[in-house]
Structure formats: C-alpha cells, structure tokens
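Understanding the architecture of this molecule
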Amino acid sequence: MTDDVPELRASDADRERVAEVLRDALAEGRLDMEEFEERLDATYKARTYGELTPITRDLPVSLSVDLVKGPEQNGSWAARITGGEGSSTWGVAVMSGFERKGRWTAPRRFNSFAFWGGGEIDLREANFADREIVINCVAIMGGLNVIVPPGVEVVVRGIGIMGGFDQREEGVPGDPGAPRVIVTGFAFWGGVGVERKVTRAERQRLREDRRREKLDRKPGRRALDGHGFHRREDDES
C-alpha cells in the first residue's frame, strides 16, 4: 500500500468489508462480544483507510488482506473501466426529461442539454470508457443532476449565470484506481446538481445489516456456544 493510501477517504463498501471481517472473527471466537461491538462502532465512524486498517490488524491475514489493499489492487475499480465508445453519448430534455441509469457504459464525453426540462445521469452502476470522463451539462431554465458512487473523484468546472453548478462533492479524494468525473458546461436560469450516494439496493442492504446487528446485541437474543455457533440463551440444552 502506498504512503498516501491511509489518508484517502474510505467508502461505505470499505466499511462493510471491515464489518464482515469482524463478524467472521466473532463467529470463530477470535473476538468476544464486547470487542466486536467496540470495533464495529469504530468501523462505522472511520473516515479514512488509516482509521480502518488498525481495526483488523491483529486478525489473520486471510481475513484482512482486502483491507490492506486499495480498491485498485483488489480490482473493484479496474473491472469497471472497460474502454470502448460508451453505450450512450448524449441526453436531451426539451420541456421533458431523460435518465441514464442502471448498468450502462459512460463514454469519455457525455453531452447533456435541458431546456424547460430535466435530466439525470446516474453513474452508480455504470462502467467507464476511460479513467477520466467528462459530463458536459447545458441547462437553460432547466436542471441536470449527476450522481456518482462513493470513491469517485469529482471535478466541477461549469459556469453559471443566474444559475449554478453544485460543488459540494468537489475536493473529496477518490479511491486508488477509481475514475475521475469532470462536470463542466453552462447553466442559465438553471442548475446542475452533483450527488454522491450508494444505490438503493446497497442502502437497503446496509440498513438490514445494521438492524440485524442491533438485534444480536440485545441481551437474551443470541449468544455463541462453545463451537462458535449462534444459539438463543434461553434454549434448552
């Protein structure tokens, strides 16, 4: 791992990988319930790789190897930079709307235009034609919204006249090997939004995992027997 990786921002997926390591360690008896809860709490509070890595440092390499590697090394981003021309290169909304979402290949340059309408360019499940892509947005009395997944670097270069470009996601370091998305263009009496969020399915999965963890922490609900298997404490032997 390079020297600057510990300072990079961790994604929700990174925190979930750590949580899964902790669950495995609890099931195998490597951690007791108190240690598990303390480390799990630290996991969900962690913001960088440097804060995540120590949480599993004393666990076997077979459990924590993916946490030491950056996303570029474990291939999660490399598999999504596919090359090619892209499956769609433009979107237009004139007194109407358009969406580009789901599994599609974002081209090196995607041009979008909205006049009295709106459009959404969702990159959360997309592949990328190149390591760096440009989303060109022209919004005239309309709105365009760009959604990127956690870990992607965002650069905003658009110009607004009585309108604007959302710059809240700019400046957040990307994961190693992750794509760079440049949002550029022009907004007149309109706006271009930039959001960073996980997919609905991923959000639901995270919610369910946290709900199960809260249930497991309740006294009398579940405990580990001598073989590392879960059982109810009030079960008869």
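For the structure, see preceding data.
No experiment lies behind these values; they were computed from the predicted model shown. (Residues numbered from 1 in each chain as written. Predicted model: local features only at pLDDT ≥ 70, side-chain atom pairs only at ≥ 80, totals over all residues. Heavy atoms only, no water.)

Details of the packing of aromatic side chains
Inspection of every chain in the model, using the stated rule, returns 3 aromatic pairs. Taken together, a centroid distance of 5.7 Å and an interplanar angle of 70° make the contact between Trp 104 and Phe 110 edge-to-face. Both residues of the pair, Trp 104 and Phe 110, belong to the buried class. Each ring, one from Phe 115 and one from Trp 116, has its centre 5.7 Å from the other, and the planes form 0°; the classification is stacked. A relative accessible area of 27% places Phe 115 in the partly exposed class. (Phe/Tyr/Trp six-rings, centres within 6.5 Å; stacked < 30°, edge-to-face > 60°. Buried < 20%, exposed > 50% of the residue type's maximum accessible area, 1.4 Å probe, protein only.)

Some words on the sheet that holds strand β8 (residues 143-148)
Pairing is parallel in the open sheet, where 5 strands are placed in the order β2-β5-β8-β13-β11. Each end of this open sheet is capped by a strand with a single partner; those strands are β2 (97-100) and β11 (164-165). Taken together, the 2 bridges between β11 and strand β13 (residues 191-196) define a ladder with parallel strand orientation. Across the sheet, residue Gly 164 finds its bridge partner in β13, namely Gly 191. (Pairing = 2+ DSSP bridges. Helix = DSSP H or I, 4+ residues; strand = E, 2+ residues; numbered from the N terminus.)

Overview of helix α2 (residues 33-45)
The end-to-end C-alpha distance of α2, which contains 13 residues, comes to 18 Å, matching closely the 18 Å that a straight helix rising 1.5 Å per residue would cover. Residues of α2 that are buried: Phe 36, Arg 39, Leu 40, Thr 43 and Tyr 44. The buried side chains of α2 occupy one side of the element, clustering within an arc of 135° when seen end-on. Relative to its buried face, α2 has exposed residues pointing more than 90 degrees away, namely Glu 34 and Lys 45. Regarding α2, its N-cap is Asp 32, as a side-chain oxygen of that residue lies 3.2 Å from the backbone nitrogen of Glu 34 further along. (Expected span 1.5 Å × (residues − 1). Arc of directions from axis to C-beta. Polar contact = N/O pair within 3.5 Å; in protein donor to acceptor, adjacent residues only side chain to side chain.)

A look at the pattern of salt bridges
In total, this model carries 12 salt bridges according to the counting rule given. Salt-bridge contacts for Arg 23 lead to Glu 16; the nearest nitrogen and oxygen are separated by 3.8 Å. A residue is classified by how much of its surface remains accessible, and Glu 16, at 6% relative accessible area, is buried. Between Arg 180 and Glu 132 there is a salt bridge, and its shortest N-O distance comes to 2.8 Å. A residue pair is termed long-range when its members are at least 10 positions apart, and Arg 180 in strand β12 (residues 180-188) and Glu 132 in strand β7 (residues 132-140) qualify at 48 residues. For Glu 132, a relative accessible area of 36% gives the class partly exposed. When salt bridges that share partners are traced, they join Glu 16, Glu 20 and Arg 23 into one network. (Salt bridge = Lys/Arg side-chain N within 4 Å of Asp/Glu carboxyl O.)

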